[in-house]
Amino acid sequence: MGYKVKIQRVERGKTSSYYINFPAALAESCDLEKAEELEWEIEDRNTFVLKRVIKKESFLKKKAKK
């Protein structure tokens, strides 16, 4: 399942930034935490991969161990 988001551009004086909102349902399902570090990897011009800097054990693996 995919989540559509829009990129926002914010200009402040001579600088500009781009922001992407992360859907709450997706963040909660991935157990993201406030201030957690993530990094973007660019596979090609159309594919961007967002990865955790510090990996967590998969929820599915935890469930299977029980």
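Look above for the structure.
Values in this document were obtained by computation on a predicted structure and should not be read as measured data. (Residues numbered from 1 in each chain as written. Predicted model: local features only at pLDDT ≥ 70, side-chain atom pairs only at ≥ 80, totals over all residues. Heavy atoms only, no water.)

Student: It is not clear to me how the layout of surface pockets should be interpreted in this structure. Could you clarify?
Tutor: It is the rolling of a water-molecule-sized probe over the atoms that shows where space remains empty. Considering only enclosed or pocket space, the largest pocket measures out at about 670 Å³ in volume. Phe-22, Trp-40, Phe-48, Leu-50 and Lys-51 are, among the 22 residues lining the largest pocket, the residues nearest its centre. Of all the elements in the fold, those that place two or more residues in the lining of the largest pocket are strand E3 (38-44) and strand E4 (47-52). Tallied by class, residues from the lining of the largest pocket come to 14 nonpolar, 3 polar and 5 charged. (1 Å grid on protein atoms, 1.4 Å probe; cavity = no way out; pocket = protein on both sides within 12 Å on 5 of 7 lines; lining within 4 Å. Points joined across faces, edges and corners; volume = space filled by probe spheres on them. Helix = DSSP H or I, 4+ residues; strand = E, 2+ residues; numbered from the N terminus. Nonpolar A, V, L, I, M, F, W, Y, C, P; charged D, E, K, R; others polar.)

Student: So what exactly am I meant to see when it comes to the environment of Gln-8 here?
Tutor: Relative to the assigned elements, Gln-8 resides in strand E1 (residues 7-12). The partly exposed category is assigned to Gln-8, whose relative accessible area is 41%. Taking the C-alpha atoms as reference points, Gln-8 and Tyr-19, 11 residues apart in sequence, are found 5.1 Å from one another. Among all residues touching Gln-8, those that are not within four sequence positions of it are Ser-17, Tyr-18, Tyr-19 and Asn-21. (Buried < 20%, exposed > 50% of the residue type's maximum accessible area, 1.4 Å probe, protein only. Contact = heavy atoms within 4.5 Å.)

Student: Help me out: how do you make sense of unusual backbone geometry in this one?
Tutor: Keep in mind that most residues, glycine aside, have a negative phi and that most peptide bonds are trans. Non-glycine residue Asp-31 carries a positive phi angle of around 60 degrees. On the secondary structure map, Asp-31 appears in the loop between helix H1 (24-29) and E3. A positive phi angle, close to 70 degrees, is found at Ala-35, a residue other than glycine. Relative to the helices and strands, Ala-35 is located in the loop between H1 and E3.

Student: Looking at this model, I keep getting lost on the pattern of salt bridges. Mind explaining?
Tutor: Where charged atoms of side chains with opposite charge meet at close range, the side chains can pair. Applying the stated criterion across every chain yields a total of 5 salt bridges. Residue Glu-36 is joined to Arg-52 by a salt bridge in which the shortest nitrogen-to-oxygen separation is 2.4 Å. A residue pair is termed long-range when its members are at least 10 positions apart, and Glu-36 in the loop between H1 and E3 and Arg-52 in strand E4 qualify at 16 residues. What makes Glu-36 partly exposed here is its relative accessible area of 23%. Using a relative accessible area of 21% as the deciding quantity, one classes Arg-52 as partly exposed. Here Lys-51 and Glu-41 are joined by a salt bridge, their closest N and O atoms 3.4 Å apart. On the criterion of sequence distance, the pair formed by Lys-51 in strand E4 and Glu-41 in strand E3 is long-range, its members being 10 residues apart. Accessibility expressed as a relative area gives 38% for Lys-51, which makes it partly exposed. What emerges from the salt-bridge pattern is a single network uniting Asp-31, Glu-33 and Lys-56. (Salt bridge = Lys/Arg side-chain N within 4 Å of Asp/Glu carboxyl O.)

No statement about biological role is implied by the geometric values presented.
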